[in-house]
Amino acid sequence: MNRNKINFCGTTVAMWLLVFLGHGQEVLREYAAIPQERIFVHSNSSLLFSGERLYYSIHCKDARTGHKSHWSQIAYMELIGDLGQLVLRQKIRLKQGIGQGDFFIPAQIPTGSYKMVGYTNWMKNEGPKNFYWSDIYIVNPYLATDPRYLKKESLDTAQVANMHSQGSAMVPKHEAGASAGLLSLKIDGEMFSKRDKVILKINVLDTSAIKGDYSISIKRREELVDYRPMGATEFMASLGGQNAKATIPDKDVFLPEARGELISGKVVYKDGALPAESRTVVISLPGENFVLDIARTNREGSFYFNLNGNYGDSDVIYQILGDDRDLFSLSMDKHESPDYGEFSSSPFQLSEEFAALIRERSIHSQIENAYGEVKIDSILPNTAPAPFYREVPLSYNLDDYTRFNGIDETMVEILDHVWMRKDEQGKRVFQVRPEEGEPDLGILPMVLVDGVVVQDHEGFLGYGAKKIQSVGVDRKSYLIGPTTFQGILSFKTVTGNFYKEYKNDYLVRDTLFKPEVLKKYHLQRGVVTGAQIPDFRYQLYWNPLFVPKTAETAIEFYTSDISGIFEVSLEGFAKNGTPVSLRTNFTVN
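Quick look at the structure, then. Note that the structure is predicted; figures quoted are calculated from it, not measured.

Of the regular secondary structure elements, the protein chain holds seven helices and 36 strands. About 26,900 Å² of surface is accessible on the protein chain, with carbon and sulfur atoms providing 50% of the total.

We now examine the sheet that holds strand β18 (residues 280-285). Within the open sheet, the four strands sit side by side as β19-β18-β21-β31. Their pairing is antiparallel. Both outer strands of the open sheet, β19 (291-296) and β31 (508-511), are each paired with one neighbouring strand and no more. Going from strand to strand, the sheet's axes swing by 20° on average, the running direction of each strand aside. Pairing geometry for β18 and β19, over six bridges, is antiparallel. Residue pairing in the sheet places Ser 284 in a bridge with Leu 292 of β19.

Buried residues dominate strand β10 (residues 112-119), accounting for eight of its eight residues. Here β10 shows a buried face lined by Gly 112, Tyr 114, Met 116 and Gly 118 and a second buried face lined by Ser 113, Lys 115, Val 117 and Tyr 119. Examined bridge by bridge, strand β7 (residues 74-80) and β10 share five bridges and lie antiparallel to one another. Of the residues in β10, the one forming a bridge with Met 77 is Gly 118. As paired elements, β10 and strand β11 (residues 132-139) share seven bridges and run antiparallel to each other. Bridge pairing in β11 places Met 116 opposite Ser 134.

Residues Val 41, Ile 58, Met 77, Met 116 and Ile 136 are the most contacted members of the largest nonpolar core, which totals 37 residues. For this core, the elements supplying multiple residues, two or more each, are β4 (37-43), β6 (53-62), β7, β8 (86-93), β10, β11 and α3 (232-239). Apart from the residues lying within four places of it in its own chain, the contact partners of Ile 136 are Ser 45, Ser 46, Leu 48, Leu 54, Leu 79, Gly 112, Ser 113, Tyr 114 and Met 116. Counting 33 residues, the second largest nonpolar core, distinct from the first, contains Phe 328, Met 332, Tyr 478 and Ile 488.

Turning our attention to the sheet that holds strand β36 (residues 579-588). Across the sheet, which stays open at both edges, the five strands sit in the order β13-β36-β35-β15-β33 with mixed pairing between neighbours. Since the sheet does not close on itself, it has two edges, and those belong to β13 (191-192) and β33 (539-546), each with one partner. Across five bridges, the pairing between strand β15 (residues 213-220) and β33 is antiparallel. Paired with Ile 216 across the bridge in β33 is Asn 543.

Our next topic: helix α4 (residues 355-370). Taking 1.5 Å of rise per residue, 16 residues should cover 22 Å, and α4 covers 23 Å from first to last C-alpha, within 8% of that figure. Among all positions in α4, only Leu 357, Ile 358, Arg 361, Ser 362, His 364, Ser 365 and Glu 368 are buried. Across the axial projection of α4, the buried residues extend over an arc of 160°, all falling on one side. When the buried face of α4 is taken as reference, the exposed residues oriented beyond 90 degrees from it are Arg 359 and Ala 370.

Right, let's talk about the pairing of β7 for a bit. Of all seven residues that make up β7, seven are buried, and the element is covered over most of its length. On β7, burial covers both faces: Ile 74, Tyr 76, Glu 78 and Ile 80 on one face and Ala 75, Met 77 and Leu 79 on the other are all buried. Note: β7 against β8, seven bridges, orientation antiparallel. Directly across from Ile 74, in β8, lies its bridge partner Arg 93. In this antiparallel pair of consecutive strands, β7 and β8, the connection spans five residues, and Gly 84 shows a positive phi of 85°.

With that settled, the discussion passes to the packing of aromatic side chains. Considering all chains together, one arrives at 29 aromatic pairs under this definition. Between Phe 40 and Phe 235 the ring centres are 5.4 Å apart and the planes differ by 40°, which places this aromatic pair in the tilted class. Taken together, the residues Phe 40 in strand β4 and Phe 235 in helix α3 connect sequence positions 195 residues apart. Aromatic pair Phe 40 and Phe 573: ring centres 5.7 Å apart, planes at 90°, arrangement edge-to-face. Here Phe 40 is found in strand β4, whereas its partner Phe 573 is found in strand β35 (residues 564-573), with 533 residues between them in sequence. Through successive ring pairs, a cluster of aromatic residues spans Phe 430, Phe 460, Tyr 463, Phe 491, Phe 498 and Tyr 502. One Lys or Arg, Arg 325, reaches over the ring of Tyr 506 and ends 4.3 Å from the middle of that ring. Its end group placed over the ring of Tyr 463, Lys 467 keeps NZ or CZ at 4.8 Å from the ring centre.

Thresholds, definitions, all that
- Residues numbered from 1 in each chain as written.
- Predicted model: local features only at pLDDT ≥ 70, side-chain atom pairs only at ≥ 80, totals over all residues.
- Heavy atoms only, no water.
- Helix = DSSP H or I, 4+ residues; strand = E, 2+ residues; numbered from the N terminus.
- Areas by Shrake-Rupley, 256 points an atom, 1.4 Å probe, with all protein chains shown as cover.
- Pairing = 2+ DSSP bridges.
- Axes fitted to C-alpha atoms, helices over the stretch in contact; angles between N-to-C directions.
- Buried < 20%, exposed > 50% of the residue type's maximum accessible area, 1.4 Å probe, protein only.
- Core = buried A, V, L, I, M, F, W, Y, C linked by side-chain atoms within 4.5 Å.
- Contact = heavy atoms within 4.5 Å.
- Expected span 1.5 Å × (residues − 1).
- Arc of directions from axis to C-beta.
- Phe/Tyr/Trp six-rings, centres within 6.5 Å; stacked < 30°, edge-to-face > 60°.
- Lys NZ or Arg CZ within 6 Å of the ring centre and 35° of its normal.

So this is what it looks like as structure tokens:
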């Protein structure tokens with residue numbers, strides 16, 4: 001069973017989300033009061049070729065009010081095949097109900113009809129029927145195509161020629177709907193040349209549109225499909241009449257990830273596999289910007305961590321704290337995608353007459369990827385403050401001192417307020433002197449090496465001081481989770497890879513399914529000069545989070561060497577929750 005959900009079995013349970021202990025029925029009532037959520041996704045396209053990217057923006061809504069949901073901090077986006085099989089998946093951080101990401105379509109995915117699905121852990125209680133769904137069509141000219149997607153009848157030659165020259169004659173023009181009273185789109189022309197500057201003006205017609213959350217896509221219309229996913233206006237209309245109250249399962253409840261990523265597992269006794277209650281578990285994500293947390297198991301032996309900050313590598317180490325740790329076994333839960341089963345897709349077939357179109361676009365995609373280094377997206381920096389355990393007040397760079405062979409010698413000769421003593425088993429352990437005026441209760445410090453908690457102090461003494469780059473000392477006492485530490489002793493190694501060398505039977509290693517990093521997507525900010533740099537962009541502009549702050553916003557972008565009809569699509573919601581769906585077109589000759 002996945003323990004990212006609580007099991008209600010009539011006994012007293014602790015619900016991490018609520019600040020109280022209660023019986024199953026009491027927690028069920030609290031659970032029923034939490035609103036359900038719905039996901040809306042604006043993506044840049046429904047048709048992708050191998051080597052292209054599917055960009056998307058996520059809006060998580062309170063199903064009762066249509067306003068932003070402030071419960072879930074994590075959303076899941078998945079691409080699934082027509083048999084319900086998982087093809088791609090991503091975990092996305094939500095900030096005030098808004099998130100963003102992109103799928104790269106690898107060459108291993110064959111031509112076919114797929115579904116893009118969006119949901120939160122909380123939404124899994126109601127099942128896939130209330131997830132976000134949209135059709136995605138993938139064309140892969142490098143793999144054999146399933147006969148189901150090959151059309152036997154030929155198209156009229158004039159129809160194919162028209163499609164080739166205009167972009168997507170099969171797609172009907174979709175103009176602004178009921179949302180036009182809030183915002184307007186205006187382009188400084190109707191016809192543009194290749195590699196030409198275009199200015200899009202977005203005007204606020206109603207003050208409620210200011211500081212709303214919108215996304216903008218500017219892309220050439222598709223040639224091969226006439227499918228258009230649900231817009232924000234249709235999405236909001238679909239919420240009307242739905243039961244926005246939570247559906248209460250009989251036993252298992254998936255928890256809303258209200259404080260970040262929910263990481264869970266279970267501790268049992270090795271002898272008999274019975275649940276181990278009140279055991280302390282620590283998680284370490286090692287590296288330069290390491291993260292750690294401590295949790296305690298409940299009556300079922302389950303424990304939960306909430307990771308609410310960015311971290312580097314996905315490598316992770318779990319361990320049970322305490323001298324009796326060898327009596328227990330620790331296992332981690334994996335994120336389980338819902339059981340989608342088989343589903344029907346919208347018709348999608350390729351005719352032989354499309355061969356030239358497919359070949360041309362495939363070549364363009366390869367060229368764009370070959371020049372990807374000059375059009376690279378940038379990763380937005382993590383602006384969150386560093387946690388206290390990474391900011392120790394005393395730091396000793398050992399290269400500034402005479403080097404000693406042993407860590408124990410280094411402590412005696414270089415470090416202040418740190419010494420060693422023997423514990424009840426006769427093993428040497430570290431001690432950190434409390435701050436002035438604080439009592440020394442003999443409590444052990446938290447000992448970290450490249451962010452990994454080290455319990456076996458005696459064993460670490462044999463590591464070798466010459467492998468240590470620096471030592472940080474914090475004399476304050478800390479209550480981390482359920483455990484008190486007298487100070488922090490933080491070692492940084494020369495290589496920074498201590499976690500790869502550290503071996504102990506009680507360590508559990510794993511790889512996290514981590515959230516995607518935030519990106520600032522590449523924007524061509526001028527004409528690409530020189531014939532040696534081709535420009536075959538079909539996607540001219542993508543902004544997953546556009547927030548108008550003034551009455552008029554001008555967006556400048558440039559066309560590429562691709563001709564045809566291009567569509568500007570703006571989707572999102574005003575500050576008061578009113579949906580906005582706007583589209584307009586221009587032509588590149």
